[in-house]
Amino acid sequence: MSVLARSAVRRVPVDHQDLLDFTTSLFAHRGVPAQRAELAAHAVLHGDLCGYESHGTFNLTRLYLPQLDNGRIDATAEPRTLIDLGACAVVDHQRALGL
């Protein structure tokens, strides 16, 4: 992003807990079980808090919510470990959220 484009970005401070609650509710309203919805919200917000904005809330409307809405992500899927070698594993995520 250029310096000019960066200066045009308007930042709005949001309370972390408010954003966490809101993000959790977005996942939960799409059928993600409560505990997993909160875990996913923590993961998304972690990207923003660490400065990786491309991995944070930016992806909610671009990726996660549309894919939950159109069925590409199964909100209730339970990933299955097929092979576990300790240092590496093969996991069939069953179209789960992946966060």
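Look above for the structure.
Residues numbered from 1 in each chain as written. Predicted model: local features only at pLDDT ≥ 70, side-chain atom pairs only at ≥ 80, totals over all residues. Heavy atoms only, no water.

**Here's the deal with the packing of helix H2 (residues 16-28) against helix H3 (residues 34-49)**
Logical step 1: In contact at an axis separation of 8 Å, H2 and H3 are set at 130° when each is read in the N-to-C sense. In terms of orientation, H2 and H3 fall into the oblique class. Regarding H2 and H3, the two cross each other, and that crossing is right-handed. In contact with His 16, Leu 19, Leu 20, Thr 23, Thr 24, Phe 27 and Ala 28 of H2, H3 contributes Ala 37, Glu 38, Ala 40, Ala 41, His 42, Val 44, Leu 45 and Leu 49. (Axes fitted to C-alpha atoms, helices over the stretch in contact; angles between N-to-C directions. Helix = DSSP H or I, 4+ residues; strand = E, 2+ residues; numbered from the N terminus. Parallel < 35°, antiparallel > 145°, perpendicular 65-115°, else oblique. Left-handed = near helix turned anticlockwise from the far one by under 90°. Contact = heavy atoms within 4.5 Å.)

**Let's talk about helix H4 (residues 58-69)**
Logical step 1: Across its 12 residues, H4 extends 17 Å between first and last C-alpha, which sits within 8% of the 16 Å expected from 1.5 Å per residue.
Logical step 2: Of the residues one or two after H4, Gly 71 is the one with positive phi, at around 90°. (Expected span 1.5 Å × (residues − 1).)

**Remarks on the nonpolar core**
Logical step 1: Among the nonpolar cores identified, the biggest contains 16 residues, and Phe 27, Leu 68 and Leu 97 are the most heavily contacted of them.
Logical step 2: Of all the elements in the fold, those that place two or more residues in this core are H2, H3 and H4.
Logical step 3: The greatest single-element share of this core, amounting to five residues, is contributed by H3.
Logical step 4: Each residue touching Leu 97, except ones within four places of it in the same chain, is listed here: Phe 27, Ala 40, Tyr 64, Leu 68, Ile 73 and Asp 74. (Core = buried A, V, L, I, M, F, W, Y, C linked by side-chain atoms within 4.5 Å. Buried < 20%, exposed > 50% of the residue type's maximum accessible area, 1.4 Å probe, protein only.)

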